[in-house]
Amino acid sequence: MTINWSKEWELGIPVIDSQHKRIVDFINQIAEQGEDRDAIENVLTELKDYTSSHFAFEESLMEEAGYGFVKAHSRVHVLFIRRIDDYWKEFKNGNDISSELVKTLESWLFNHIKHDDQDYSGTVKANLNAATEKAKEKEKKKSWFGKLFG
Ligand SMILES: [Fe+2]
């Protein structure tokens with residue numbers, strides 16, 4: 001069983017949505033590997049790396065936006081990575097963890113996106129929009145300046 005991305009999981013922050021989709025791709029890849037332990041190991045490694053940097057990225061966006069619950073949110077991220085690590089260890093001990101991992105990842109991820117991520121999305125979106133507006137203003141000024149004094 002693989003997961004089909006659904007619109008309802010979108011936060012409306014394109015960069016974050018595409019990262020979440022990528023994580024879903026990794027989960028699906030694990031589901032599709034069957035018994036191929038080398039392949040599972042590769043995807044697991046990628047999933048862990050990718051998810052860690054995605055979390056760091058999310059945290060930096062939240063911080064920049066002055067979101068009030070960054071610490072609590074980060075703690076949830078840490079716990080999640082720890083969970084992946086536990087699966088990793090179990091896998092390394094020779095256990096077949098894929099189907100349980102896929103189930104856990106799926107329910108955790110969507111729960112997290114729908115609640116925790118949804119919670120920061122308004123603040124982060126507003127901040128990103130403000131930054132874009134500022135950049136546009138700057139560009140406008142620059143081109144004005146260029147025309148007058150260039
Ligand atoms: Fe998150």
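Residues numbered from 1 in each chain as written. Predicted model: local features only at pLDDT ≥ 70, side-chain atom pairs only at ≥ 80, totals over all residues. Heavy atoms only, no water.

Undergrad: So what exactly am I meant to see when it comes to the coordination of the iron ion here?
TA: The reference angle at a metal is 109.5 degrees if four donors form a tetrahedron and 90 or 180 degrees if six donors form an octahedron. The iron ion binds to the protein through E58 (OE), H73 (NE2), H77 (NE2), H112 (NE2) and D117 (OD), with metal-donor distances spanning 2.1 to 2.4 Å. For the iron ion, the donor residues sit on a single chain with the sequence spacing E-x14-H-x3-H-x34-H-x4-D. Of the two residues, E58 sits in helix 2 (residues 37–65) while H112 sits in helix 4 (residues 98–149), which places them 54 residues apart along the sequence. Since its relative accessible area comes to 1%, E58 is described here as buried. Looking at H112, the relative accessible area reads 2%, which means it is buried. (Donors = N, O, S within 2.8 Å, 3.2 Å for Na, K, Ca; no water. Helix = DSSP H or I, 4+ residues; strand = E, 2+ residues; numbered from the N terminus. Buried < 20%, exposed > 50% of the residue type's maximum accessible area, 1.4 Å probe, protein only.)

Undergrad: I'm lost on the nonpolar core in this one. Help?
TA: If you look at the biggest cluster of nonpolar residues, it comprises 35 residues, and the most contacted ones within it are L44, L47, L109 and Y120. Put simply, the parts of the chain that give this core at least two residues each are helix 1 (14–32), helix 2, helix 3 (70–92) and helix 4. If one sorts the elements of this core by residue count, helix 4 sits on top with 9 residues. Residues within four places of L44 in sequence aside, it is in contact with I30, I84, W88, F91, I97 and L101. (Core = buried A, V, L, I, M, F, W, Y, C linked by side-chain atoms within 4.5 Å. Contact = heavy atoms within 4.5 Å.)

Undergrad: Help me out: how do you make sense of the environment of R83 in this one?
TA: Of note, R83 is situated in helix 3. Under the relative-accessibility criterion, R83 is labelled partly exposed at 38%. Note: C-alpha distance between R83 and E100 (17 residues apart in sequence) is 12 Å. With residues up to four places along the chain from it excluded, the contact list for R83 reads T104 and W108.

Undergrad: What exactly am I supposed to notice about the pattern of salt bridges here?
TA: A side chain with one charge may pair with a side chain of the opposite charge, provided their charged atoms come close. Summed over all chains, the structure comprises 8 salt bridges. Between E10 and K21 there is a salt bridge, with its nearest N and O atoms 3.8 Å apart. Linking E10 in the segment before helix 1 with K21 in helix 1, this pair joins segments that are 11 residues apart in sequence. For E10, a relative accessible area of 24% puts it in the partly exposed group. (Salt bridge = Lys/Arg side-chain N within 4 Å of Asp/Glu carboxyl O.)

Undergrad: Help me understand helix 2 in this model?
TA: The α-helix advances 3.6 residues per turn, and as a result positions three or four apart in sequence lie on the same side. Taking 1.5 Å as the rise per residue, helix 2 with 29 residues should run 42 Å; its terminal C-alpha atoms sit 41 Å apart, in good agreement. Within helix 2, burial applies to A39, I40, V43, L44, L47, T51, H54, F55, E58, L61, M62 and A65. Looking at the buried residues of helix 2, the elements they touch are helix 1, helix 3 and helix 4. You can read the cap of helix 2 off the contacts: a side-chain oxygen lies 3.3 Å from the backbone nitrogen of D38, and it is on D36. G66, located one to two residues past helix 2, shows a positive phi value of around 70°. (Expected span 1.5 Å × (residues − 1). Polar contact = N/O pair within 3.5 Å; in protein donor to acceptor, adjacent residues only side chain to side chain.)

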